[in-house]
Amino acid sequence: MEIKHPPNEEHIDNNMVKMEVNLDDTSGELLGYVMELLFTAGANDVFYTPIYMKKNRPGVLLQLLCSMDKLEKMKEVLLQETTTLGIRYYPITVHRMQRRFIKVDTKWGPVTVKQGISNGKVFQSSPEYEECKTIAKTHYIPLKKVYEEIWKLL
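Residues numbered from 1 in each chain as written. Predicted model: local features only at pLDDT ≥ 70, side-chain atom pairs only at ≥ 80, totals over all residues. Heavy atoms only, no water.

Draft legend 1. The arrangement of the pairing of strand β3 (residues 58-67) in detail. Within β3, nine of the 10 residues are buried, leaving the element largely enclosed by the surrounding structure. Taken together, the eight bridges between strand β2 (residues 45-52) and β3 define a ladder with antiparallel strand orientation. Looking across to β3, one finds that threonine 49 is bridged to leucine 61. Hairpin remark: β2 followed by β3, antiparallel, with five residues in the connecting loop; positive phi at lysine 55, about 60°. (Buried < 20%, exposed > 50% of the residue type's maximum accessible area, 1.4 Å probe, protein only. Helix = DSSP H or I, 4+ residues; strand = E, 2+ residues; numbered from the N terminus. Pairing = 2+ DSSP bridges.)

See below:
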């Protein structure tokens with residue numbers, strides 16, 4: 001299944017939902033699997049936060065962002081694949097900055113860098129992790145050295 005990303009131009013998305021469930025009896029393996037299923041089903045973002053629940057039991061707060069048209073699919077995944085008995089969700093507005101992708105030529109080869117742009121100026125640059133990881137493994141160098149080289153070239 002192809003994952004559809006939001007457009008790269010700056011925009012306000014009023015058609016979003018934030019969903020969350022508290023889980024106190026779920027393994028890390030299951031959480032990883034559920035995250036994968038949620039992304040495949042169309043979630044824009046999925047994240048976990050450690051929490052303490054009733055009777056001081058440690059648990060996990062699973063939160064996700066998705067478009068309103070994905071709400072029912074997300075509920076289906078959460079109810080089928082987790083131990084939750086209830087789902088909280090509410091509308092949310094997301095202001096997405098303009099994004100562009102550039103190639104930076106390093107001594108090990110080109111690396112894609114995602115840049116965030118606001119008012120015509122780059123305010124954030126983020127090298128693509130998987131490409132940096134491949135370079136580090138291929139050339140037997142620390143990943144942080146790959147990032148350092150890229151930062152020098154930006």
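Draft legend 2. How the structure looks around the environment of asparagine 119. Along the chain, asparagine 119 falls in the loop between β6 (109-118) and β7 (121-127). The class for asparagine 119 is exposed, based on a relative accessible area of 72%.

Draft legend 3. Broad picture of the sheet that holds strand β5 (residues 98-106). The strand order β5-β6-β7 describes an open sheet built from three strands, whose pairing is antiparallel. Only two strands of the sheet have a single partner each, and these edge strands are β5 and β7. Pairs of neighbouring strands in the sheet enclose a mean axial angle of 35°, with direction left out of account. Looking at chain direction, β6 and β7 are connected through six bridges and run antiparallel. In the sheet register, isoleucine 117 faces β7, and the bridge partner there is valine 122. On top of the sheet, helix α3 (residues 129-139) reaches β5, β6 and β7; it is set at about 155° to β6, its chief contact. (Axes fitted to C-alpha atoms, helices over the stretch in contact; angles between N-to-C directions. Contact = heavy atoms within 4.5 Å.)

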